[in-house]
Amino acid sequence: MTNPVVQKVNPMLTEERAKASFPVEELTYILDGGKFNTEKRREIEELVTKDPNFEHPPIQFMTREQQYSLAVKKALLVQQRLKELDMLDDPYASYFFRRIAMPREVSPIGLHWVMFVPTLMGQCSDEQRERWLQRALNYEIIGTYAQTEMGHGTFLRGIETTATYDPSSQQFVLHSPTTTSIKWWPGGLGKTCNYAVVVAQLHTQGRCHGVHMFLVQLRDESTHRSLPGVVCGDIGPKMGYHTIDNGFLQLNSVRIPRENMLMRNAEVQPDGTYIRRVSNEKLTYGTMVFVRSLIVSDAARGISEAATIAVRYACVRRQGEPSSPGAPEPRLLDYPVHQYRLLTCVANCYGLWFASEVLRDLYFTVQPDVLEGRTERLPETHALSAGLKAVGSNRGAACVEECRRCCGGFGFSEASGLPKIYNDINPACTYEGENTVMLLQTGRHLLKCVERARRGEQLAPSDAYIRSRPTPQPKLAGGPLTADLLLGWLRWRSLSMLLEVSGRFNSFIEQRQAWADAFQAVSRRLTRCAEAHCILYVGQAFLDSAKAAENPKICGVLTSLCRLFLLNEVVSGAGDVQLSRSDLARCQDAIDSLLTELRPNAVALVEAFDLPDRMLCSVIGRYDGQVYEAMLQWARQSPLNATDVHESYELYTRQFLAGRSLAKL
Ligand SMILES: CCCCCCCC(=O)SCCNC(=O)CCNC(=O)[C@H](O)C(C)(C)COP(=O)(O)OP(=O)(O)OC[C@H]1O[C@@H](n2cnc3c(N)ncnc32)[C@H](O)[C@@H]1OP(=O)(O)O
Ligand SMILES: Cc1cc2nc3c(=O)[nH]c(=O)nc-3n(C[C@H](O)[C@H](O)[C@H](O)COP(=O)(O)OP(=O)(O)OC[C@H]3O[C@@H](n4cnc5c(N)ncnc54)[C@H](O)[C@@H]3O)c2cc1C
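Residues numbered from 1 in each chain as written. Chains lettered and ligands numbered in written order. Predicted model: local features only at pLDDT ≥ 70, side-chain atom pairs only at ≥ 80, totals over all residues. Heavy atoms only, no water.

Chemist: I'd like to hear about the overall build of the protein chain, residue by residue, with values.
Modeler: If you tally the helices and strands in the protein chain, you get 20 helices and 11 strands. For the protein chain, whose C-alpha radius of gyration is 27 Å, the value lies close to the compact-globule estimate of 26 Å for 665 residues. A principal-axis box enclosing the C-alpha atoms of the protein chain has dimensions of 90 × 75 × 60 Å. With 665 residues in all, the protein chain has 54% of them scored as buried. Looking at the protein chain alone, contacts between residues at least 24 apart form 74% of all its contacts between residues at least 6 apart. Total accessible area on the protein chain stands at roughly 29,500 Å², and carbon and sulfur atoms take up 54% of it. Counting 74 positive and 73 negative side-chain charges, the protein chain places the averaged centre of each group 4 Å from the other. (Helix = DSSP H or I, 4+ residues; strand = E, 2+ residues; numbered from the N terminus. Rg over C-alpha atoms; globule rule 2.2 N^0.38 Å. Buried < 20%, exposed > 50% of the residue type's maximum accessible area, 1.4 Å probe, protein only. Contact = heavy atoms within 4.5 Å. Areas by Shrake-Rupley, 256 points an atom, 1.4 Å probe, with all protein chains shown as cover. Lys, Arg positive; Asp, Glu negative; His and termini not counted. Charge placed at Lys NZ, Arg CZ, Asp CG, Glu CD.)

The following block contains the structure:
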């Protein structure tokens with residue numbers, strides 16, 4: 001990757017930068033979680049930028065095989081460098097090292113550290129951890145997480161792969177009994193990994209005990225050849241993710257030792273006796289809860305990149321009727337509707353950013369208890385991670401797409417960097433639990449909360465606003481539309497929607513419908529309730545972070561941005577509940593005023609994310625704002641331009657123009 005040479009900075013961007021009403025650097029510290037982290041991140045970025053081993057031409061001009069090969073090399077080189085720099089045990093440092101070294105290449109070994117290692121940590125007994133975890137952490141083995149099958153992704157209990165215990169040899173026999181049972185999708189499974197955690201139905205002593213996890217060696221550790229009975233490969237090109245070998249896996253009666261069942265929560269003894277150690281069988285799904293919480297932060301980072309590109313571009317791109325004869329054409333950012341499109345993306349980004357931090361803290365507070373079998377806060381954590389994963393990736397994809405469209409034709413060119421950001425974020429709507437299914441999980445939890453509130457039971461902190469009776473609607477007319485008032489309105493909206501749906505659900509139950517049928521009957525509405533609940537969580541996290549900012553200027557700008565976020569939610573959710581025409585009009589007016597107020601800080605708000613050109617990989621989002629010359633340079637690199645006359649001319653066009661038939665060529 002060649003960083004664009006910083007030329008003279010485009011004066012239009014310099015002018016915009018000068019308008020900032022707050023110290024941008026201080027906001028960067030807040031976003032990074034402290035000045036120390038910012039400095040450390042920058043040191044790491046500097047290290048990678050100076051390393052010529054990470055330089056290469058844009059991957060968009062490469063074939064898929066070249067992209068994959070390059071990504072394997074870079075991913076492994078990153079590991080070597082992290083080891084040399086003694087940073088392997090520092091999650092913050094290694095995260096940023098990977099990000100800056102591979103800004104647009106999804107790593108073929110990504111699943112190893114995102115799911116394989118966390119699964120070993122969460123699902124292994126202590127002895128198993130000793131045996132495998134250190135090898136995995138040292139990258140002596142490379143693993144993936146093989147759960148989804150061709151026939152089943154969402155409905156985990158429907159997985160068909162079997163693990164049948166054979167007491168005579170004290171082995172499990174892993175088998176794919178049907179075509180639909182073939183594992184499909186796991187990242188790095190196709191060509192890169194030599195081990196996998198395989199999710200399979202456990203059979204012992206003639207009984208099936210449901211899905212459990214097994215460590216299965218797929219390839220020889222020295223030759224990398226697939227082991228007998230293992231058939232695996234790449235699933236072919238996808239909409240994005242070209243650098244990663246998502247794979248398939250068919251297991252033909254593959255035998256593994258009894259000890260390779262991950263036994264933290266359940267065990268099969270040598271004679272085949274099955275023992276469950278914990279009552280909550282959903283603990284097997286723990287890695288998914290963890291990864292879902294990471295996806296919220298990925299979504300915020302994706303928007304931060306797209307918004308940085310689109311806001312900078314909107315400052316240097318002129319298009320339209322000059323306001324007076326001889327005046328320059330307006331900049332895109334001068335159009336209020338463009339300000340609305342971009343600033344609401346920026347507001348979503350900040351909201352998700354802060355919410356992901358609160359969710360991450362919740363996960364790490366609850367996880368030690370869960371590992372010890374205390375699962376009181378697991379339902380809340382699951383409901384929030386599932387719902388926020390859905391809302392975050394939905395919003396992420398929508399905002400990145402909006403930013404892409406805000407860049408007109410250039411947004412469609414890979415040169416903008418935007419298609420890749422979109423293609424990296426979009427699959428998060430599907431993987432780790434399809435978004436609608438995830439919202440239904442949150443909705444199911446919320447329905448149960450209403451029941452518990454009715455019985456007078458205490459609810460978890462993020463559910464505590466749920467009552468069994470409606471509360472009065474906060475008045476939006478009259479006083480100022482403060483962030484607290486707007487948040488209160490969204491809280492009321494969430495509760496009102498939920499009580500409405502819960503009332504419907506109960507009437508179906510009273511009509512003697514089965515629980516599952518009544519649930520289906522309200523499921524469409526329930527997904528909206530889940531969204532409203534999650535948006536409330538995002539709004540609360542946003543406002544708390546804005547208030548916590550010590551610098552009054554930063555507190556002021558974050559509060560305004562938070563108000564824009566909240567007002568936009570009120571306006572777009574007005575159809576879910578009753579909002580009077582006059583209240584709606586007041587909110588719309590407040591949005592217009594906020595756009596004018598925030599516009600001078602648009603560049604500052606995105607540049608607080610402190611994303612170097614190397615990270616953005618964007619011709620139109622460069623720091624120096626010199627867009628057009630760079631665009632021409634980019635196009636010159638297209639392999640189609642290697643010769644003046646392409647070979648297809650001789651082969652086909654010349655024949656066609658001469659009236660010869662192409663059919664036999
Ligand atoms: C950067 C990252 C790269 C990542 C690459 C992507 C990697 C992957 O995609 S890996 C594969 C991910 N796959 C998925 O996420 C599959 C999605 N499906 C599921 O999670 C589940 O099967 C699910 C939740 C939809 C339904 O499960 P099912 O067993 O039918 O549960 P269901 O009957 O609905 O609920 C049973 C109970 O379990 C609870 N529950 C379900 N999941 C969980 C969980 N993860 N944790 C805790 N509790 C849970 C429910 O809340 C419910 O509780 P209650 O009975 O008290 O109401
Ligand atoms: C890029 C990528 C990487 C992946 N990596 C991995 C990996 O490393 N390991 C792994 O094991 N898997 C992986 N997956 C698989 C992924 O987790 C599944 O694709 C996902 O869980 C959805 O399952 P599915 O594809 O079977 O969709 P389906 O379950 O068939 O869903 C199809 C549609 O039906 C809807 N639907 C399904 N069930 C319900 C329901 N009960 N109620 C209402 N609507 C429903 C869904 O909302 C969806 O829109 C990956 C997928 C992708 C795209």
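That was the structure; now back to the text.
Chemist: Quick rundown of the site of ligand 2? Include the residues and the values.
Modeler: Residues in contact with ligand 2 amount to 21 residues; listed here are only the nearest, Y145, Q147, T148, T154 and E434. Residue T148 places a side-chain N or O atom 2.7 Å away from a nitrogen atom belonging to ligand 2. Within the contact set of ligand 2, an oxygen atom lies 3.0 Å away from a backbone nitrogen or oxygen of G153. Here the shell around ligand 2 is composed, by residue class, of 9 nonpolar, 10 polar and 2 charged. No fewer than three residues from each of domain 1 (143-279) and domain 2 (283-625) sit in the shell around ligand 2. (Near = heavy atom within 4 Å. Polar contact = N/O pair within 3.5 Å; in protein donor to acceptor, adjacent residues only side chain to side chain. Nonpolar A, V, L, I, M, F, W, Y, C, P; charged D, E, K, R; others polar. Domains from an automatic or database assignment.)

Chemist: Which residues make up the pairing of strand β2 (residues 162-166), and what values do they have?
Modeler: Here β2 lies mainly inside the structure; 4 of its 5 residues are buried. When β2 meets strand β3 (residues 171-175), the two strands line up antiparallel, connected through 5 bridges. Looking across to β3, one finds that T164 is bridged to V173. Here β2 hands over to β3 after 4 residues, with Q170 in that stretch at a positive phi of 55 degrees. Pairing geometry for β2 and strand β5 (residues 195-204), over 3 bridges, is parallel. For T164, the partnering residue across the bridge sits in β5 and is H203. (Pairing = 2+ DSSP bridges.)

Chemist: Please set out the site of ligand 1 residue by residue, giving values where relevant.
Modeler: Taken together, 25 residues lie around ligand 1, and R157, K282, R292, R444 and K448 are the ones closest in. For ligand 1, a nitrogen atom lies 3.1 Å from a polar atom in the side chain of Q147. At 2.8 Å from an oxygen atom of ligand 1 is found a side-chain nitrogen or oxygen belonging to R292. Relative to its unbound accessible area of 1,100 Å², ligand 1 is 80% covered by the protein chains. Contributions of two or more residues to the shell around ligand 1 are made by α6 (110-123), α8 (286-316), α10 (378-406) and α12 (435-454). Sort the elements by how many residues they give to the shell around ligand 1 and α8 lands first, with 5 residues.

Chemist: Pulling in residues and values, what's your account of the packing of α8 against α10?
Modeler: Contact geometry of α8 with α10 gives a least axis separation of 8 Å together with a crossing angle of 20 degrees. As summarised for this structure, α8 and α10 are arranged roughly parallel, according to the angle between their axes. The element α8 and its partner α10 pack so that their crossing is left-handed. Broken down by class, the residue content of the contact of α8 with α10 amounts to 13 nonpolar, 8 polar and 3 charged. (Axes fitted to C-alpha atoms, helices over the stretch in contact; angles between N-to-C directions. Parallel < 35°, antiparallel > 145°, perpendicular 65-115°, else oblique. Left-handed = near helix turned anticlockwise from the far one by under 90°.)

Chemist: Go over the domain arrangement of the protein chain with me, naming the residues and quoting the values.
Modeler: For the protein chain, the assigned domains read domain 1 (143-279) and domain 2 (283-625). Inter-centroid distance (C-alpha atoms) of domain 1 to domain 2 is 36 Å. Contact with domain 1, which involves 13 residues of that partner, is made by 13 residues of domain 2. In this assembly, domain 1 packs against domain 2 so that about 1,200 Å² is buried in total across both faces, 62% of it on carbon and sulfur atoms. Viewed at the interface, domain 2 and domain 1 are joined by 2 residue pairs in polar contact (both at pLDDT 80 or more). (Buried area = accessible area lost by both parts, 1.4 Å probe.)

Chemist: Which residues make up the nonpolar core, and what are the values?
Modeler: One finds L27, F97, Y350, I466 and L605 to be the most contacted residues of the largest nonpolar core, which totals 151 residues. The element best represented in this core is helix α14 (residues 515-548), accounting for 16 residues. When residues no more than four places from it in sequence are discounted, the contact partners of L27 are F22, Y350, I554, L558, L605 and A608. (Core = buried A, V, L, I, M, F, W, Y, C linked by side-chain atoms within 4.5 Å.)

Chemist: Any details on the packing of aromatic side chains? Residues and values, ideally.
Modeler: Overall, the coordinates contain 21 aromatic pairs when judged by the stated rule. Ring centres of Y350 and F609 lie 4.9 Å apart, and the angle between their planes is 40 degrees; this geometry places the pair in the tilted category. Here Y350, found in helix α9 (residues 336-371), pairs with F609, found in the loop between α17 (602-607) and α18 (613-616); they are 259 residues apart in sequence, far enough to count as distant. Of the two residues, Y350 and F609, neither departs from the other in class, the shared state being buried. What links up through ring pairs into an aromatic cluster is the set Y350, W353, F354, F542, F565 and F609. Directly above the ring of W132 sits R131, whose terminal nitrogen or CZ lies 4.7 Å from the centroid. (Phe/Tyr/Trp six-rings, centres within 6.5 Å; stacked < 30°, edge-to-face > 60°. Lys NZ or Arg CZ within 6 Å of the ring centre and 35° of its normal.)

Chemist: Quick rundown of helix α2 (residues 24-32)? Include the residues and the values.
Modeler: The complete set of buried residues in α2 reads L27, T28, Y29, L31 and D32. Of the surrounding elements, those touching the buried residues of α2 are α3 (35-50), α5 (91-101), α9, α15 (552-572) and α17. A positive phi of about 85 degrees marks G33, the residue just after α2.

Chemist: How would you sum up the pairing of strand β1 (residues 143-146)? Please name residues and give values.
Modeler: Side chains G143 and Y145 project from β1 onto one buried face, and the interleaved T144 and A146 project onto a second face that is buried too. Across 4 bridges, the pairing between β1 and β5 is parallel. Note on β5: the bridge partner recorded for T144 is A196.

Chemist: Residues and numbers for the sheet that holds strand β7 (residues 230-234), please.
Modeler: On the basis of which strands lie adjacent, the open sheet formed by 3 strands has the order β4-β8-β7 and antiparallel pairing. Looking at the sheet topology across the chains shown, the edges are occupied by β4 (183-184) and β7.

Chemist: An account of the state of the cysteines is needed here, citing residue identities and associated values.
Modeler: Overall, the coordinates contain 0 disulfides when judged by the stated rule. Looking at the unpaired C529, the closest cysteine sulfur is the one in C534, lying at 11 Å. On the basis of relative accessibility, which here comes to 1%, the residue C529 falls in the buried class. (Disulfide = S-S within 2.5 Å.)

Chemist: Provide a residue-level description of helix α11 (residues 418-425), including the pertinent values.
Modeler: Across the 8 residues that make up α11, a large majority, 7, are buried. Those residues of α11 that fall on the buried side of the exposure criterion are L418, P419, K420, I421, N423, D424 and I425. Those residues of α11 that are buried lie in contact with α8 and α10.

Chemist: How would you explain a nonpolar patch on the surface if you had to name every residue and give the values?
Modeler: The grouping of L651, Y652, F656, L657, L662 and L665 at the surface amounts to a nonpolar patch, some 640 Å² of accessible area in total. Residue placement: Y652 occurs in helix α20 (residues 647-657). The exposure class of Y652 is partly exposed, given its relative accessible area of 41%. (Patch = residues over 30% accessible without salt bridge, like charges linked within 9 Å, V, L, I, M, F, W, Y side chains within 5 Å. Salt bridge = Lys/Arg side-chain N within 4 Å of Asp/Glu carboxyl O.)

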